[in-house]
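The chain contents come next:
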Amino acid sequence: MSNPSILILAGDGIGPEVMGEVKKIITWYGDKRGLQFDVSEDLVGGSAYDVHGTPLHDDTMAKAQEADAVLLGAVGGPKYDVLDFSVKPERGLLRLRKEMDLYSNLRPAQCFDALADFSSLKKDVVAGLDIMIVRELTSGIYFGEPRGIITEGNERVGINTQRYTESEIARVARSAFELAKRRGNKVCSMEKANVMESGILWREVVQKIHDEEYPEVELSHMYADAGAMQLCRWPKQFDVIVTDNLFGDLLSDAAAMLTGSLGMLPSASLGAPMANGRPKALYEPVHGSAPDIAGQNKANPIACILSFAMALRYSFDKGDEATRLEQAVEKVLADGVRTADLLAGEGVTPVSTTEMGDKIVEALDASL
Ligand code: NAD
Ligand code: IPM
Ligand code: MN
């Protein structure tokens, strides 16, 4: 039987830097745990535009469709701000999500004990935090039609449309309920049913899926603005949050800061099962290409490394090995190793991206 395949799309800015550390971890699993992957690499985002004039070449799209898992670093950067909207780096990522139909984006926010002091919130608010945001990823205002910039009279109008079908809501709701069953058995659904028709439908469909298929899971509903407030006030009230594409984007960046840094948050974008039973999947950190620190060997690679842990769990059925990797990260943090984004106070010398990766590999060695 051939090895499972991984397509690496490191992308732009700090993407290739943090992905370099993931490659060390993949090599470690091959050498020390006998987990062999067929790894190939390609371009996405600005780096693809530089070579092909498009942020995602059709050949790369086809490879992504075939891969057992895609690992993505980050896309974007100021160099590409001048490009036409249709070829901006972010369009490459959005095309991957849409054409692979990765409708369920899992964004866990866990606060490692060693970082509880570092959050901008009080320690007892975040210590032990473990929530999962499930963000709908292939529809909503990101993709709804009509869209564009049109001229009306003597001024221009920017248009985007929030649009959700019942089946789109139902499938992401199921994915949230399934996750909740394996965690704290609670789902909070967030929308703005008080002002948006799409929110009314969202609430109705989530409730129906709950009542008919998952009555044993505790379900609550919250307006997304109040949800944002509650995430900062007392985040530990949540287990799984399910929400739409745009609200999920905002709420997950906010949740990132509960854990200490945007450089800590991984994500898995999952679609329907393929012929081999594995879900179509793309794994990427929640953060972007961080142009302000790119090229300086300063970025925190943990979000990208934890995204690979999610690949081990959700694509390769290696939950034990995923836990091993998560515990290695936890150990390194407990030892006080910090990249610059995680520095609390003076007198702590930050490690570089590559040093952080090396320390995590050492901790993996120590786990054997
Ligand atoms: P960003 O996430 O790139 O950076 C926000 C802040 O967080 C910056 O100060 C950055 O230095 C810091 N940061 C982010 N990741 C870090 C890490 N791993 N280690 C240490 N610090 C980290 O968001 P932005 O500045 O709003 O966007 C920059 C570019 O990235 C834009 O082009 C945007 O569209 C793109 N972006 C891409 C993705 C993605 O590829 N999935 C996600 C978000 C933003
Ligand atoms: C994210 C990013 C993307 C999004 C951009 C880069 C397309 O912010 O993955 O959170 O808005 O979904
Ligand atoms: Mn985002």
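Remember, it's a predicted structure, so these values are computed and weren't measured experimentally.

## Here we look at the site of ligand 2
Phase 1 of the analysis: Around ligand 2, the neighbouring residues are Glu90, Arg97, Arg107, Arg135, Tyr142 and Asp249.
Phase 2 of the analysis: Between arginine 107 and ligand 2, the recorded distance is 3.0 Å, taken from a side-chain N or O atom to an oxygen atom.
Phase 3 of the analysis: Within the contact set of ligand 2, an oxygen atom lies 2.8 Å away from a side-chain nitrogen or oxygen of arginine 135.
Phase 4 of the analysis: Contact with the protein chains covers 78% of the free accessible surface of ligand 2, which is 330 Å².
Phase 5 of the analysis: According to the grid-proximity analysis, the pocket containing ligand 2 is the second largest pocket.
Phase 6 of the analysis: Residue composition of the shell around ligand 2, by class: 1 nonpolar, no polar and 5 charged.

## A closer look at empty space enclosed by the protein
Phase 1 of the analysis: By the definition in use, this model includes 1 cavity of 30 Å³ or more.
Phase 2 of the analysis: Space inside the largest cavity adds up to approximately 50 Å³.
Phase 3 of the analysis: Counting only elements with at least two residues in the lining of the largest cavity, the list comes to β8 (186-191) and α7 (197-213).
Phase 4 of the analysis: The leading source of residues in the lining of the largest cavity is α7, at 3 residues.
Phase 5 of the analysis: Of the residues assigned to the lining of the largest cavity, the class counts are 5 nonpolar, 3 polar and 3 charged.

## Digging into the nonpolar core
Phase 1 of the analysis: Of all hydrophobic cores here, the largest spans 72 residues; its most connected members are Leu71, Tyr283, Phe308, Leu325 and Ile360.
Phase 2 of the analysis: If one sorts the elements of this core by residue count, helix α10 (residues 302-314) sits on top with 10 residues.
Phase 3 of the analysis: Setting aside chain neighbours within four positions, we find phenylalanine 308 in contact with Ile6, Val22, Ile25, Ile26, Tyr29, Phe37, Leu71 and Leu325.
Phase 4 of the analysis: Counting residues in hydrophobic clusters, the runner-up holds 22 residues, among them Ala109, Val125, Val126 and Val286.

## With respect to the site of ligand 1
Phase 1 of the analysis: Inspection of the region around ligand 1 gives 21 residues, with Glu90, Glu284, Gly288, Ala290 and Asp292 positioned closest.
Phase 2 of the analysis: The contact in question runs from an oxygen atom of ligand 1 to an N or O atom on the backbone of glycine 77, over 3.3 Å.
Phase 3 of the analysis: Burial of ligand 1 by the surrounding chains reaches 68%, relative to a free accessible area of 800 Å².
Phase 4 of the analysis: A class-by-class count of the residues in the shell around ligand 1 yields 10 nonpolar, 7 polar and 4 charged.

## Topic: the environment of leucine 306
Phase 1 of the analysis: Within the secondary structure, leucine 306 is located in helix α10.
Phase 2 of the analysis: Residue classification places leucine 306 among the buried positions, given a relative accessible area of 6%.
Phase 3 of the analysis: As for leucine 306 and threonine 323, which are separated by 17 residues in sequence, their C-alpha atoms are 9.9 Å apart.
Phase 4 of the analysis: If we skip the residues at most four places from it in the chain, leucine 306 touches Phe112, Met264, Pro266, Glu326 and Val329.

## Quick look at the UniProt feature "binding site: substrate" (unreviewed entry) in the protein
Phase 1 of the analysis: In the numbering used here, UniProt assigns the "binding site: substrate" (unreviewed entry) feature to Arg97, Arg107, Arg135 and Asp225. A maximum C-alpha distance of 25.9 Å shows the annotated residues, which cover 129 residues in sequence, to be distributed over more than one spot. As for the second largest pocket, its lining draws on Arg97, Arg107 and Arg135 from among the annotated residues.
Phase 2 of the analysis: Relative to the helices and strands, arginine 97 is located in helix α4 (residues 89-99).
Phase 3 of the analysis: Judged by its relative accessible area of 6%, arginine 97 is buried.
Phase 4 of the analysis: Apart from the residues within four sequence positions on either side, arginine 97 is in contact with Leu102, Arg107, Arg135, Leu137, Thr138 and Glu284.
Phase 5 of the analysis: Relative to the elements of secondary structure, arginine 107 occurs in strand β4 (residues 104-110).
Phase 6 of the analysis: A residue is classified by how much of its surface remains accessible, and arginine 107, at 3% relative accessible area, is buried.
Phase 7 of the analysis: If near-sequence neighbours (up to four positions away) are discounted, arginine 107 is found in contact with Arg97, Ile131, Met132, Ile133, Arg135, Asp249, Ser252, Pro266, Ser267 and Val286.

Definitions and limits used
Residues numbered from 1 in each chain as written. Chains lettered and ligands numbered in written order. Predicted model: local features only at pLDDT ≥ 70, side-chain atom pairs only at ≥ 80, totals over all residues. Heavy atoms only, no water. Near = heavy atom within 4 Å. Polar contact = N/O pair within 3.5 Å; in protein donor to acceptor, adjacent residues only side chain to side chain. Areas by Shrake-Rupley, 256 points an atom, 1.4 Å probe, with all protein chains shown as cover. 1 Å grid on protein atoms, 1.4 Å probe; cavity = no way out; pocket = protein on both sides within 12 Å on 5 of 7 lines; lining within 4 Å. Sits in = over half its atoms within 2 Å of the grid points. Nonpolar A, V, L, I, M, F, W, Y, C, P; charged D, E, K, R; others polar. Points joined across faces, edges and corners; volume = space filled by probe spheres on them. Helix = DSSP H or I, 4+ residues; strand = E, 2+ residues; numbered from the N terminus. Core = buried A, V, L, I, M, F, W, Y, C linked by side-chain atoms within 4.5 Å. Buried < 20%, exposed > 50% of the residue type's maximum accessible area, 1.4 Å probe, protein only. Contact = heavy atoms within 4.5 Å. UniProt positions renumbered as here; feature names shortened; annotations may be inferred.

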